[in-house]
Amino acid sequence: MRSEEIEIRTGGDEAVRDITRECERFLSDGDGGSDGLLHVFVPHATAGLAVIETGAGSDDDLLHQLRELLPADDRWGHRHGSPGHGRDHVLPALISPSLSIPVLGGRMALGTWQSVCLVDTNGDNPTRRVRLSLLAG
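Nothing here was measured: the structure is a model prediction, and the numbers come from that model.

Attention now moves to the overall build of the protein chain. Scanning the protein chain from terminus to terminus reveals three helices and eight strands. Across the protein chain, helices and strands are ordered from the amino to the carboxyl terminus as β-β-α-β-β-α-α-β-β-β-β. Counting only C-alpha atoms, the protein chain reaches 50 × 30 × 20 Å along its principal axes. Residues counted as buried form 42% of the 137 residues belonging to the protein chain. Of the contacts formed within the protein chain by residues at least 6 apart in sequence, a portion of 80% connects residues at least 24 apart. Accessible surface for the protein chain amounts to roughly 7,200 Å². Of this, 49% is attributable to carbon and sulfur atoms. Counting 13 positive and 21 negative side-chain charges, the protein chain places the centres of these two groups 4 Å from one another.

Here you go:
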């Protein structure tokens, strides 16, 4: 297994950050033609990962729906940080902190419009770490 941790800056606002290029770079830094699984993991209690289309409104739609489902108000028992921060701790139960993507010939086997994205609703933590691991086949 080959593994690397990268740093992603999401800023102080809710974000869906496309990290597909970072994943591609990680794969190209290896032997270049491996098959296997790319495992992506975000070791944070308030962020998750998704494979979605970006740039055509889906990323904004996702954030809108998360605001509807997990409002940033005072209903949450977890109360440290910004108002409504408790919702950020529920996010990983809905948007998983990990995912695996097939790798064929050194390239992710994503669909035409699919991108690997970091989903971060926690404005209190503007920098995230993401662990990329290639499990060679």
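Now for a nonpolar patch on the surface. A contiguous nonpolar surface patch, about 310 Å² in accessible area, is contributed by M1, L37 and L135. Among the secondary structure elements, L135 is positioned in strand β8 (residues 127-136). Owing to a relative accessible area of 36%, L135 belongs among the partly exposed residues under this scheme.

Let's shift gears to the pattern of salt bridges. Tallied over the full model, the rule gives ten salt bridges. We note a salt bridge from R129 to E5, for which the minimum N-O separation is 3.3 Å. Placement of R129 in strand β8 and of E5 in strand β1 (residues 2-9) is noted, with a sequence separation of 124 residues between them. R128 serves as the salt-bridge partner of D120, at 2.9 Å between the closest nitrogen and oxygen. Of the two residues examined, D120 and R128, each falls in the buried class.

The pairing of strands in a sheet happens through backbone hydrogen bonds and is either parallel or antiparallel. Spatially, five strands are ordered β1-β8-β3-β5-β6 in an open sheet, and the strand pairing comes out antiparallel. Strands at the two margins of the open sheet, each flanked by one partner only, are β1 and β6 (107-108). Docked against the sheet, helix α1 (residues 20-28) engages β1, β3 (36-41), β5 (98-104), β6 and β8, running at close to 155° with respect to β1.

With respect to the helices and strands, the residue L49 is situated in strand β4 (residues 47-52). Separated by 46 residues in the primary sequence, L49 and I95 have C-alpha atoms spaced 6.1 Å apart. Beyond its immediate stretch of four places on either side in the chain, L49 contacts I19, V40, F41, V42, I95, S96, P97, S98, L99, C117 and L118.

Reading the values: the criteria
Residues numbered from 1 in each chain as written. Predicted model: local features only at pLDDT ≥ 70, side-chain atom pairs only at ≥ 80, totals over all residues. Heavy atoms only, no water. Helix = DSSP H or I, 4+ residues; strand = E, 2+ residues; numbered from the N terminus. Buried < 20%, exposed > 50% of the residue type's maximum accessible area, 1.4 Å probe, protein only. Contact = heavy atoms within 4.5 Å. Areas by Shrake-Rupley, 256 points an atom, 1.4 Å probe, with all protein chains shown as cover. Lys, Arg positive; Asp, Glu negative; His and termini not counted. Charge placed at Lys NZ, Arg CZ, Asp CG, Glu CD. Patch = residues over 30% accessible without salt bridge, like charges linked within 9 Å, V, L, I, M, F, W, Y side chains within 5 Å. Salt bridge = Lys/Arg side-chain N within 4 Å of Asp/Glu carboxyl O. Pairing = 2+ DSSP bridges. Axes fitted to C-alpha atoms, helices over the stretch in contact; angles between N-to-C directions.

Don't take any of this as a statement about function, it's just geometry.
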